[in-house]
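Reading the structure
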Protein chains: 2
Amino acid sequence: MATREGRRRVTITDVASHAQVSTTAVSKVLRNAYGVSEAMRLKVQAAIDELGYRPQAAARAMRGQTFTIGVLLPHIRNPFFADILDGLTEEISGAGYQAVIVQSGGPDLRRERAAIDALVDRQADGILMIAPVTARTQLEETAKTTPTVVLGRHERSAVYDVVLDDDEAGTELVVEHLIALGHRRIAHITDPAGGRAGPLTLPQHVRAKTYERLMTEHGLTEHIAIAATSYTEEGGYAGTRELLARTPRPTAIFAGMDQAAFGALAAVHEAGLTVPGDISVVGYDNARAAALAHISLTSVDQDGAIMGKTAGRLLLERIQGRTSAVRFSVTPTLVPRRSTAPPPAG
Amino acid sequence: MATREGRRRVTITDVASHAQVSTTAVSKVLRNAYGVSEAMRLKVQAAIDELGYRPQAAARAMRGQTFTIGVLLPHIRNPFFADILDGLTEEISGAGYQAVIVQSGGPDLRRERAAIDALVDRQADGILMIAPVTARTQLEETAKTTPTVVLGRHERSAVYDVVLDDDEAGTELVVEHLIALGHRRIAHITDPAGGRAGPLTLPQHVRAKTYERLMTEHGLTEHIAIAATSYTEEGGYAGTRELLARTPRPTAIFAGMDQAAFGALAAVHEAGLTVPGDISVVGYDNARAAALAHISLTSVDQDGAIMGKTAGRLLLERIQGRTSAVRFSVTPTLVPRRSTAPPPAG
DNA sequence: GCGGTGATGGGTAACATTACCCATCACCGT
DNA sequence: ACGGTGATGGGTAATGTTACCCATCACCGC
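Residues numbered from 1 in each chain as written. Chains lettered and ligands numbered in written order. Predicted model: local features only at pLDDT ≥ 70, side-chain atom pairs only at ≥ 80, totals over all residues. Heavy atoms only, no water.

Notes on the pattern of salt bridges
This is how it is decided: Salt bridge criterion: a side-chain nitrogen from Lys or Arg within 4 Å of a carboxyl oxygen from Asp or Glu. Each helix corresponds to a stretch of at least 4 residues labelled H or I by DSSP, and each strand to a stretch of at least 2 residues labelled E; elements are numbered beginning at the N terminus. Here's how the labels work: a residue is buried when its accessible area is under 20% of the maximum for its type, exposed when over 50%, partly exposed in between, all with a 1.4 Å probe on protein chains only.
In this structure the tally under the stated criterion is 47 salt bridges over all chains. Among the ionic pairs, E234 of chain A bridges to R288 of chain B, the shortest N-O distance being 3.7 Å. Taken as a pair, E234 of chain A in helix α10 (residues 233-244) and R288 of chain B in the loop between β9 (280-282) and β10 (299-301) lie in two separate chains rather than in one. Given a relative accessible area of 43%, R288 of chain B falls into the partly exposed group. Linked by salt bridges that have partners in common, R9 and R54 of chain A together with R113, D117 and D121 of chain B make up one network.

Structural data, given as structure tokens:
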């Protein structure tokens, strides 16, 4: 309703009549389609510029593409997602695609489903789902209709591509680093949220499981201590308080994500303990804040920009018609900083 | 291209024939339009559920609404934006609207323009622009066609609504707090980026200008010291290094935004100085991380959720047909923490 | 000169939905 | 019984763009 006072939007018909050609010709110019002479191209382009014409996405969608890549993410609070988006945008904008983001609002199955539907309803040409918690079979339903890349889930699918970080390797870097420093009582903070994703699918689960495996392999089974709170500052804070209350208390805490590690730092500090004198703390994601001098958090770096760029490339390929499934994995590296040191003597 | 193997999407026609009614009837049910009996509603709803029908946004857009609110923001790295989005989503989702986010990628006029166009092309029913840098006249062109709310710009417009924080009041809280503690050499870190926004339009400019005014009013003109870097961790770090190099060096640093304040904390720490012993640091936005024990940053709280919620309400009102312009301002509060204290004696 | 060929431009239908208007029907009061 | 009325359902055109196919034209080799 509310007929806007604004004059009617310029359409392809306006351009056509202004340039004295058919709408078909204009459409061809817009799409760089075959069968357009240079003279025609120039004439039409001039009319387009003069009138300030922009194609209407909805009308295009009725027949063809929307030039839209939908991105589903739990929320925008995680700075790691920003790196992914930067990479994605870099890759797809050259091809004339626009990334649009919708938040699911967290690991809520219903709301995640609604967010995915929103993208499908708007006919995104491709969808990048970041760490979704929906069951694989349901994701595959979507992927059958819309080119899909799932980022961060350890699984294989015949119908969508997967981009992920080698969380086993990353966890290994952390645990080996701490053990090499002499730590034995190494605790872990994880996020139990999993929705309907398979049991060892989401990064947090792989990290936690790998932590347990490595502890066992090093004969430290008795020192396994996990606080299952969440990958947030609050979660890291609460988890650390919980872990510090145990006897004997851990000498190192591996938080599965940087923001949780920041919360851990706060809790350690609040308990009157020092980092790394009393407790070493490690994060994951190598967020920018981890590098700040007064924080200087040892963390695992996974190249989010490359992951996003690759996801974009895979989506474009699928839009072009590729149907085989691809799996792309990046190898993380450890960035040691001043939050880790040998455990206190005794 | 790339005809997806997936079976054709269920359309309103499928629902109509399945329910043995007209497409018009189905459409009415979908829109809760007038002229539908309860029996009809139930019958159609049953068919919709059975077939799993979802209306196609593009086709709706051709005739009516898209039920989409577009959000333009510079980038998702700023956690304050997350609060705004939470408020917005809360307000609009009840009315069946979906928020979709596009990033402009920073204060780049061309890219911001492209991002706005992307939302207009996709026929968002309303647009929330967060701190855009485009010239007001251009924003008004868009607002004439699409209901628009601009968040964070200190200006009035006849065609769009404005939601903002009282940055003058916020800055006053900070400066008065520091002066009350005894500080005189109070420095400020700002972000010079402005694009084509008016001279005293963007929050960073208002905060910087108010800082100068207050310093002058307190007879501290000679102590005015501004580092114009950026509202980022890097900017706060670099700006602080610059400020600490001055003689005499400031005893307090007011960073115009929390992330810049975090960078400032790092720089102060790296310089071998303590907070608040040698230098007091204040931020703005009261990000969650500001509350962490080992950071404990004094900051200005502006209620982002309320701002987002209000923006959503204003957009819905405009979609309903309101044409008068509204201006909504929230009053910030100071959250004193341990990063501020009296200056060192001498 | 003539049929063939390749390049270029255009006509048309189709996409899914909704606004507008009309048709139908039951029921009412006279 | 009959015109009027209000409630309900449906037919149709229109939205802007593009895929498909056809028409036209210049030019070629024979």
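Observations regarding the interface of chain B and chain A
We count it as follows: In what follows, residue pairs with any heavy atoms lying within 4.5 Å of each other are defined as contacts. Two parts placed together each lose some accessible area; with a 1.4 Å probe, that loss summed over both constitutes the buried area. Whenever two N or O atoms come within 3.5 Å, that pair is a polar contact, provided that in protein one can donate a hydrogen and the other can accept it, and provided that, for residues adjacent in sequence, both atoms are side-chain atoms.
The interface is formed by 63 residues belonging to chain B together with 63 residues belonging to chain A. At the boundary of chain B with chain A, total buried surface from both sides reaches about 5300 Å², with 53% on carbon and sulfur atoms. Counting across the chain B and chain A interface gives 12 salt bridges. In this structure, the salt-bridge partner of R54 of chain A is D121 of chain B, at a minimum N-O distance of 2.4 Å. Connecting chain B to chain A are 22 residue pairs in polar contact (both at pLDDT 80 or more).

Quick notes on the protein's contact with DNA strand C
Short version of the rule: Throughout this document, a residue counts as near a molecule or strand when at least one of its heavy atoms sits within 4 Å of that molecule or strand.
The environment of DNA strand C is made up of 24 residues, and the closest members are S37 of chain A together with I12, S27, R31 and Y53 of chain B. For DNA strand C, the backbone portion of the atoms within 4 Å of the protein, that is sugar and phosphate, comes to 61%. A distance of 3.1 Å separates a base nitrogen of DNA strand C from a polar side-chain atom of K28 of chain A. Elements represented by at least two residues in the surface near DNA strand C include exactly α2 (23-31) and α4 (57-63) of chain A together with α2 (23-31) and α4 (57-63) of chain B.

What to know about the domain arrangement of chain A
By convention, interface size is frequently given as the accessible area that disappears when the constituent parts associate. The criterion, for reference: Reported domain spans reflect what an automatic or database domain assignment gives.
Domain assignment breaks chain A into domain 1 (12-55), domain 2 (68-165 + 304-330) and domain 3 (167-303). Taking only C-alpha atoms, the centre of domain 1 of chain A and the centre of domain 3 of chain A are 59 Å apart.

Here we look at the relation of the copies chain B and chain A
Keep this limit in mind: Only residues with pLDDT of at least 70 in both copies count here: their C-alpha atoms drive the least-squares fit that superposes the copies.
With an RMSD of 0.0 Å, the fit of chain B onto chain A corresponds to turning through 180 degrees and sliding 0.0 Å along the axis. Put plainly, the chains are arranged around a two-fold axis.

Points about the sheet that holds strand β7 (residues 225-228) of chain B
Residues and elements named next belong to chain B. The line we're drawing: A pair of strands counts as paired when DSSP detects no fewer than two bridges linking them. Lines fitted to the C-alpha atoms define the axes, with helices restricted to the stretch that makes contact. Angles between their N-to-C directions range from 0 to 180 degrees.
Reading across from one edge, β7-β6-β8-β9 is the order of the 4 strands in this open sheet, with parallel pairing throughout. Two strands close off the open sheet at either side, each with one partner strand: β7 and β9. This sheet shows a mean twist of 20 degrees between the axes of neighbouring strands, independent of strand direction. Of the pairings in the sheet, the one linking strand β6 (residues 186-190) to β7 comprises 4 bridges and is parallel in character. Counted as the bridge partner of T190 is A228 from β7. Together, β6, β8 (252-255) and β9 form the strand contacts of helix α11 (residues 258-270), whose direction differs from that of β9 by roughly 160 degrees.

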